[in-house]
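# Coordinate inspection notes
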Amino acid sequence: VAELWSIATGECLRTFEGHSSPVLSAVFSPDGQEVLTASADRAAKLWSASSGKCLCSFEGHSGAVRTAVLSPDGQLVLTASED
């Protein structure tokens, strides 16, 4: 699970649920509209930051995905795993 928190209030604003194993990293897209998570379940997922809905799942690794990042233009996802 990844959670989005308000700095001003300390309140949890959104929860991103859908991975079947622990989330190992989470980053914002360059425009702040999406969140990209990487998980021990061998997948990365792209989420809507405003709704918390999963927009896309990137699967295919045989090991835990340790980190995932978006390209500066937000058009590509780079994943690193324990494959």
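Summarised in this report is the structure supplied together with it.

Scoring rules and cut-offs
- Residues numbered from 1 in each chain as written.
- Predicted model: local features only at pLDDT ≥ 70, side-chain atom pairs only at ≥ 80, totals over all residues.
- Heavy atoms only, no water.
- Core = buried A, V, L, I, M, F, W, Y, C linked by side-chain atoms within 4.5 Å.
- Buried < 20%, exposed > 50% of the residue type's maximum accessible area, 1.4 Å probe, protein only.
- Helix = DSSP H or I, 4+ residues; strand = E, 2+ residues; numbered from the N terminus.
- Contact = heavy atoms within 4.5 Å.
- Pairing = 2+ DSSP bridges.
- Lys, Arg positive; Asp, Glu negative; His and termini not counted.
- Salt bridge = Lys/Arg side-chain N within 4 Å of Asp/Glu carboxyl O.
- Polar contact = N/O pair within 3.5 Å; in protein donor to acceptor, adjacent residues only side chain to side chain.
- Axes fitted to C-alpha atoms, helices over the stretch in contact; angles between N-to-C directions.

### Re the nonpolar core
Counting residues in each nonpolar core, the largest one holds seven residues, listed as Leu36, Ala38, Ala44, Leu46, Val65, Ala68 and Leu70. Looking at this core, the elements with two or more residues in it are β4 (34–39), β5 (43–48) and β7 (65–70). Once you skip the residues sitting within four places of it in the chain, alanine 44 turns out to touch His19, Leu36, Thr37, Ala38, Cys56, Ser57, Phe58, Ala68 and Thr79. In terms of nonpolar packing, the next biggest core, distinct from the first, is built from six residues, Ala2, Phe16, Trp47 and Ala49 among them.

### Focus: the pairing of strand β6 (residues 54–59)
The pairing of β5 with β6 spans five bridges and is antiparallel. Bridge assignment links leucine 46 to a residue of β6, and that residue is cysteine 56. Joining the antiparallel neighbours β5 and β6 is a turn of five residues, in which glycine 52 adopts a positive phi near 80°.

### Details of the side chain of aspartate 41
By the element assignment, aspartate 41 lies in the loop between β4 and β5. Although aspartate 41 is buried, it forms no salt bridge, and the closest oppositely charged side chain is lysine 45 at an N-O distance of 5.5 Å. Polar contacts involving the side chain of aspartate 41 include one to the main-chain amide nitrogen of alanine 43, which spans 3.1 Å. The residues touching aspartate 41, leaving out its near neighbours within four places in the chain, are His19, Ser20 and Ser21.

### Overview of the pattern of salt bridges
What the rule picks out here adds up to one salt bridge. Taking the shortest distance from any N to any O, the salt bridge between glutamate 82 and arginine 66 comes out at 2.3 Å. Separated by 16 residues along the polypeptide, glutamate 82 in the segment after β8 (77–81) and arginine 66 in strand β7 bring together distant segments of the chain. Note on glutamate 82: relative accessible area 45%, which makes it partly exposed. By relative accessible area, which is 45% here, arginine 66 ends up partly exposed.

### Some remarks on the sheet that holds β6
One open sheet accounts for four strands, arranged β3-β4-β5-β6; its pairing is antiparallel. Where the open sheet ends on each side, the last strands, each with one partner, are β3 (23–28) and β6. Across the sheet, the mean angle separating the axes of adjacent strands is 15° when strand polarity is ignored. In the sheet, β3 pairs with β4 via five bridges, with the strands oriented antiparallel. From the neighbouring strand, phenylalanine 28 faces β4, where its bridge partner is valine 35.

### Observations regarding the environment of alanine 40
Relative to the helices and strands, alanine 40 is located in the loop between β4 and β5. Between the C-alpha atoms of alanine 40 and alanine 64, which are 24 residues apart in sequence, the distance is 4.0 Å. Setting aside anything within four residues of it in sequence, one finds alanine 40 in contact with Ser21, Pro22, Leu24, Ala64 and Val65.

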